[in-house]
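Below, each chain spelled out in residue letters.
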There are 2 protein chains.
Amino acid sequence: MVDRSQVLTTLADSDVGRGLSANELEQVMALGQLQKMDPGQEIVRQLTPAEAVFLSCAGTVMVERNALNGRRQVIAFLRRGDYLGFTATTRYLYSATALEPCVMLKFPRKKFIALCDEIPGLKENLAHINNTVLASLLDHLFAIGQKRAHERLAFLIYQFYLRDGSPESGSAIQLPMSRTDIGDYLGLTLETTSRAFSRLRKEGIISTPDHHSVVIEQQEQLEDLAEVD
Amino acid sequence: MVDRSQVLTTLADSDVGRGLSANELEQVMALGQLQKMDPGQEIVRQLTPAEAVFLSCAGTVMVERNALNGRRQVIAFLRRGDYLGFTATTRYLYSATALEPCVMLKFPRKKFIALCDEIPGLKENLAHINNTVLASLLDHLFAIGQKRAHERLAFLIYQFYLRDGSPESGSAIQLPMSRTDIGDYLGLTLETTSRAFSRLRKEGIISTPDHHSVVIEQQEQLEDLAEVD
DNA sequence: CGCATGTTTGACTGTAGTCAAGATGTGTGG
DNA sequence: CCACACATCTTGACTACAGTCAAACATGCG
């Protein structure tokens, strides 16, 4: 069983619910349905009708786009408080799968959009999220288009560092995805990704206590490699 | 002198003005100020305060992001009817320059946003544009992250083909930008871009009457190379 | 303990980047 | 009208980075 009050907190703290009154938050919650996902489980499937939008409440979700020939571009790794469901069409432009045990708050798209008209703050928030997503896509585009392998990896690690709230030096950052997933996010193969890890390790910029943890040893150097502008 | 009624038509036909009443269109027009730009002239500069948004009315505009070390990612080529001005922050995340003589309709950002609250249709349109931009960024990301040089070029040519309304086979598509610009859009050097042109020519997929025109000779093959999903 | 999965490393290949020369095209001035 | 200078694009030769294929190395789980 998932604790509904925890989800309410997640909603209130998220970009979706930020600034809404208790009453409005309740309205949003009332529309949503909690859904637990197991690792590897598909949340939305590319090209199927986009009938729902989601708020991620726990766990990490991988968003990806697949081509017919098997090539895959990972678009984002969503976490607690992140919104899922953008589309300019009636079908999803991407698939999303749970990387860990996840809790998603699921909303019927049409009703959610209708609710946006009733709660102006919610509509504002969605617009702002849209701009935020756009900004991070620009960063991503720059990294893939202009950076070298180890710089791209630095970019990803730095993103996770910032999202964890720039923790103390020495604390470990969790990377719940595989090397293949990281590679597909950065436009690299898994081997090149692995070599990029080795390079950053050898240069003393990071250490990796285990395959899914990174410790930043030299923050400035990492930042220089990761910088976008 | 720019013809104001032509601009009104552009606005009405664009994603910005679509579906608005004559009255509403007039309100929007009244807020805007026409601005002619010469080739090479800067329309917005990265990291300066984002005080204006624009509707492109004529000419092609290049949107790019520059890093301190000189690396550059071209983000988009805007044309008649395209909107310019998204930002999640108070500063522009990109620069925009005119590639040809351009006409831009310039709006004070704050007043434009205020107008969105008065004209619901305008707000809807902006939200939809946002989703469209997002979708095309996903395509772009996939192309750069997963495709080979000649496939990326096919992707760009196919985009321009679609934006011209899929013209008759045999008609030329205009590419007003340089090989360097194309390269920076696709994450390639200008030499690799040039070789990609040569390859598509040699394979009989395109022909290039001059450096700024492309004729699609084999549409299906081009589409296969360009395909995103 | 042994297998399965995921990661790292090595050897080699291939694609794109770099550096440089030549070709093409445009505009200017004699 | 031609000659020249300058831009831009194309091509060639070589280099470097990332991809491929394969083996070895961890790690975790039954």
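Above this text is the structure in question.
A short tour of the structure in this document, coming up.

Criteria and thresholds
- Residues numbered from 1 in each chain as written.
- Chains lettered and ligands numbered in written order.
- Predicted model: local features only at pLDDT ≥ 70, side-chain atom pairs only at ≥ 80, totals over all residues.
- Heavy atoms only, no water.
- Helix = DSSP H or I, 4+ residues; strand = E, 2+ residues; numbered from the N terminus.
- Rg over C-alpha atoms; globule rule 2.2 N^0.38 Å.
- Contact = heavy atoms within 4.5 Å.
- Areas by Shrake-Rupley, 256 points an atom, 1.4 Å probe, with all protein chains shown as cover.
- Lys, Arg positive; Asp, Glu negative; His and termini not counted.
- Charge placed at Lys NZ, Arg CZ, Asp CG, Glu CD.
- Least-squares fit on C-alpha atoms with pLDDT ≥ 70 in both.
- Near = heavy atom within 4 Å.
- Polar contact = N/O pair within 3.5 Å; in protein donor to acceptor, adjacent residues only side chain to side chain.

1. Side note on the overall build of chain A
Phase 1: Counting its regular elements, chain A contains 8 helices and 11 strands.
Phase 2: The C-alpha radius of gyration computed for chain A amounts to 18 Å, which stays within 12% of the reference 17 Å derived for 229 residues, consistent with globular compactness.
Phase 3: Contacts in chain A between residues at least 24 apart in sequence constitute 70% of all its contacts with a sequence separation of at least 6.
Phase 4: Accessible area for chain A stands at about 10,300 Å²; split by element, carbon and sulfur atoms hold 50% of it.
Phase 5: Taken together, the 24 basic and 29 acidic charged side chains of chain A have centroids lying 8 Å from each other.

2. Examining the relation of the copies chain B and chain A
Phase 1: For the pair chain B and chain A, the superposition axis carries a translation of 0.0 Å, the fit reaches an RMSD of 0.0 Å, and the rotation angle comes to 180°. The two molecules are tied by a two-fold rotation axis, judged by turn and shift. Looking at the rotation axis and the C-alpha trace of chain B, the residue lying nearest is Leu141 of chain B, at 2.9 Å.
Phase 2: The residues that chain B uses at the interface reappear at the interface of chain A in 98% of cases, marking a shared surface.

3. Some words on the protein's contact with DNA strand C
Phase 1: Surveying the vicinity of DNA strand C reveals 17 residues, the closest of which are Arg179 and Ser198 of chain A together with Ala149, Thr192 and Arg195 of chain B.
Phase 2: Within 4 Å of the protein, the atoms of DNA strand C are drawn from sugar and phosphate moieties in a proportion of 65%.
Phase 3: Within the contact set of DNA strand C, a phosphate oxygen lies 2.9 Å away from a side-chain nitrogen or oxygen of Ser194 of chain A.
Phase 4: Within the backbone of Ala149 of chain B, one N or O atom sits 2.7 Å away from a phosphate oxygen of DNA strand C.
Phase 5: Within the residue set of the surface near DNA strand C, elements represented by two or more residues are helix H7 (190-202) of chain A together with helix H7 (190-202) of chain B.

Bear in mind that shape data such as this cannot, by itself, settle questions of function.
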